[in-house]
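Here is how the chains run, residue by residue.
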Amino acid sequence: MSKVNACDCLMGEAKEKCLETAHVRAEAMKPCPIGSAGICCKNCFMGPCRLTSGKDGEEKCGVCGASRDAVAARNFCRMIAAGNSGHVDHARDIVHVFLAVAKGENTDYSIKDENKLRMLAGVYDVDMEGKTVQQIAVGLGEKVMAEFGQQDGKLHMVGRAPRKRQELWDKLGMTPRGVDREVVDMLHHTIIGNDQDPESLLLQGSRCALSNGWGGSMIATELQDVMFGTPFPRRGKMAMGVLEEKQVNVLVHGHDPLLAEMIVVAANDPEMNKLAKAKGAEGINIAGICCTANETLLRHGVPMVGSFSQQELAIVTGAVDVMAVDVQCLMASLPKVASCFHTKIVTTSPKAKIPGAVHMELHEDNALNCAKDIVRLAIENYPKRKTVNIPKETSDVVVGFSHETINYMLGGSFRSSYRPLNDNIMNGRILGVVGIVGCSLPKLEGKGVTATLVKELIANNVLVIHTGCAAYASAREDLLIPEAALKYAGAGLAEVCETVGIPPVLHSGSCVDNSRILIACAAMVAEGGLGNDLSDLPIAGCAPEWMSEKAIAIGQYFVASGALVVFGSESPVKGAPGFDKLLTEGYEKLTGGKWAFSPDPHEMARIIIDHIKAKRKALGLEKAQERVLFDMEMRRKLEV
Ligand code: BF8
């Protein structure tokens, strides 16, 4: 049975038990055609205004006179602001704990990557002269925290972008000033009676999104690496079969690794294991869902049960003793599904409470104790299991491709560098690099949209980088192992992968870790040979199964950074032709980046490959160019 069929089997089981899952609800749901075209406005209570065409084909406007383009632009930009809030507030929580660790007020967590701490201290101009690690960390934490409430100037991380890009952002008024400020400013633009100009709205939308990609998300990624360790390549496992029939299963789910990190520690506590054995279990198994799973898989090798779409199905196995959730992408249905089994759903954040769940709040000063209480609850619950049905299938994966790892793997320890990657792009073995990111959609379960796209890209020698739930879709098709290069990749990409020993599809982490892709792209520009700006690179981004507002925020920061971004749906603003054209055509003249939309994976691949080829042509790389390796004879001739 394939991993896809294993999920079908659990969906069948849910149906037999008359249990409704998101897959069933998605099929039954008839989306509102006006809302899905982006032209429903409920920003005030004079409507809600539905801006369909009038009988004579005349464009309708809202009660206030707002045009379809203005309404669609405001809706789109509100999605950016909401998506940002998830990432930047996650970052704030991380900085809080980081500062407490730095000051010695919190000993549950620690500083694991001193090299990265010093690198970041350099980015933030922290005085390191004669300072201890703790003092440097305090200096860094205070400067980072100040950026959330900063009113003017520019975020320090923005300085990591290529100079040309920074100058463009300055010129366009897109440089983010403060992490929180841009979200508030964006919302202010969109309230009744304010900004009616789609271009002006999108400009602030870009500044807002950039304060996420080159701000909040980058802060979260980097400080998580400092506290929990920078990921390096490791083997792991994904899919439902990672649940253990004879062990206590604790699932961690959400996005903020603060909880999961402590649960991993608690599960290794000898006392806890003794207790588990006393209850008849062979041990304690931790596994994950969604981006919390990506974080713990990359850093600890904790296996991943599934992505967003599989969260209810995991409970249907009957083997989950506790599902402990933190924030974001938690289905409201979890307690209802769990009520048919023995599973306990535990919420831990005041920002994400779910009626029917047990609430055990995680505070930064009680993190380990809270995690132990959760693991204890799972152990107590283990003997209450009823029927257990765990599909046996698992996928082997190799994960953990942070920017630092790519640098090291390609360049080696003595000469860490992106030179080999750039050279292989220049000589044509690698056509380009594409980030395939974002969610998994219940309505597309089993259709293989993401994996089809990935296979087509790697067959065309495009190196794929994954974050978020998209990685799980590839894992189910065994694409995250080095052997996949020989089976699916084009000859050039396969040769590079075989030489370096990497899969053709690199898993880089969670959704805040899209910032790793930004850093990797900046490093490609800095390495030389592929232009002077991010918009010169033969790269693209794609979210084939997006659903969250966070995905729109991510898409916009990549577009504002100069990339083509393809989303797997019809345009969410298709009811507003003017704004749609601005996103897909006009905006490119400003930043070099643009949006494209298509629900068809082959069409997505075509759009991406055409774009990459056009970028290669502009760089003069139309024809494959072998790098000339100089032998001693040739070097002598060069010497004057
Ligand atoms: O932040 S990919 S479904 S889990 S939103 Fe959610 Fe989408 Fe998954 Fe991660 Ni990102």
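It should be noted that the structure appears before, not after, this text.
Residues numbered from 1 in each chain as written. Predicted model: local features only at pLDDT ≥ 70, side-chain atom pairs only at ≥ 80, totals over all residues. Heavy atoms only, no water.

Chemist: Explanation requested: the coordination of the nickel atom of the ligand in the structure shown.
Modeler: Ideal donor angles around a metal are set by the shape: a four-donor tetrahedron calls for 109.5 degrees, a six-donor octahedron for 90 or 180 degrees. The protein supplies the nickel atom of the ligand with one donor atom, Cys-511 (SG), which lies at 2.3 Å. For the nickel atom of the ligand, the four donor atoms are set out with angles of 91 to 161° between them, so the coordination reads as irregular. (Donors = N, O, S within 2.8 Å, 3.2 Å for Na, K, Ca; no water. Tetrahedral: all angles 85-135°; square planar, octahedral: opposite > 155°, others 65-115°.)

Chemist: Is there a simple way to explain the site of the ligand in this structure?
Modeler: With respect to spatial proximity, the complete set of residues near the ligand consists of His-255, Cys-290, Cys-291, Phe-308, Cys-329, Gly-438, Cys-439, Cys-469, Cys-511, Met-547, Ser-548 and Lys-550. Within the side chain of His-255, a nitrogen or oxygen atom sits 2.6 Å from an oxygen atom of the ligand. Between the ligand and Lys-550 there is a distance of 3.1 Å, counted from an oxygen atom to a side-chain nitrogen or oxygen. Considered class by class, the residues forming the shell around the ligand number eight nonpolar, three polar and one charged. (Near = heavy atom within 4 Å. Polar contact = N/O pair within 3.5 Å; in protein donor to acceptor, adjacent residues only side chain to side chain. Nonpolar A, V, L, I, M, F, W, Y, C, P; charged D, E, K, R; others polar.)

Chemist: So what exactly am I meant to see when it comes to the nonpolar core here?
Modeler: The nonpolar side chains of soluble globular proteins are, as a tendency, buried together. Core analysis: the biggest nonpolar cluster contains 191 residues, and Phe-76, Trp-214, Ile-219, Ile-263, Leu-457 and Phe-579 have the highest contact counts within it. At 16 residues, the largest contribution of residues to this core is made by helix 4 (residues 68-102). Leave out the neighbours within four places in its chain, and Ile-263 touches Val-250, Val-252, Ile-286, Ala-324, Ala-371, Ile-374 and Val-375. Counting 35 residues, the second largest nonpolar core, distinct from the first, contains Val-305, Val-316, Val-325 and Met-331. (Core = buried A, V, L, I, M, F, W, Y, C linked by side-chain atoms within 4.5 Å. Buried < 20%, exposed > 50% of the residue type's maximum accessible area, 1.4 Å probe, protein only. Helix = DSSP H or I, 4+ residues; strand = E, 2+ residues; numbered from the N terminus. Contact = heavy atoms within 4.5 Å.)

Chemist: What is the right way to look at helix 7 (residues 163-172) in this model?
Modeler: An α-helix turns once per 3.6 residues; consequently, residues spaced three or four apart project the same way. For helix 7, every residue scored as buried is listed here: Arg-165, Gln-166, Leu-168, Trp-169 and Leu-172. Down the axis, helix 7 shows its buried residues gathered within 160° of arc, on one side only. Along helix 7, exposed side chains directed more than 90 degrees from the buried face belong to Arg-163 and Lys-171. Residues of helix 7 that are buried in the fold lie against helix 9 (198-228), helix 23 (549-560) and helix 24 (577-591). (Arc of directions from axis to C-beta.)

Chemist: Just to check I follow, could you spell out the pattern of salt bridges for this structure?
Modeler: Opposite charge on two side chains makes pairing possible when the charged atoms of those side chains draw close. Counting across every chain of the model gives 36 salt bridges. A salt bridge links Lys-574 to Glu-570; the nearest nitrogen and oxygen atoms lie 3.3 Å apart. On the basis of relative accessible area, Glu-570 is assigned to the partly exposed category, the value being 48%. Linking Glu-588 and Lys-594 is a salt bridge whose minimum nitrogen-to-oxygen distance equals 3.5 Å. (Salt bridge = Lys/Arg side-chain N within 4 Å of Asp/Glu carboxyl O.)

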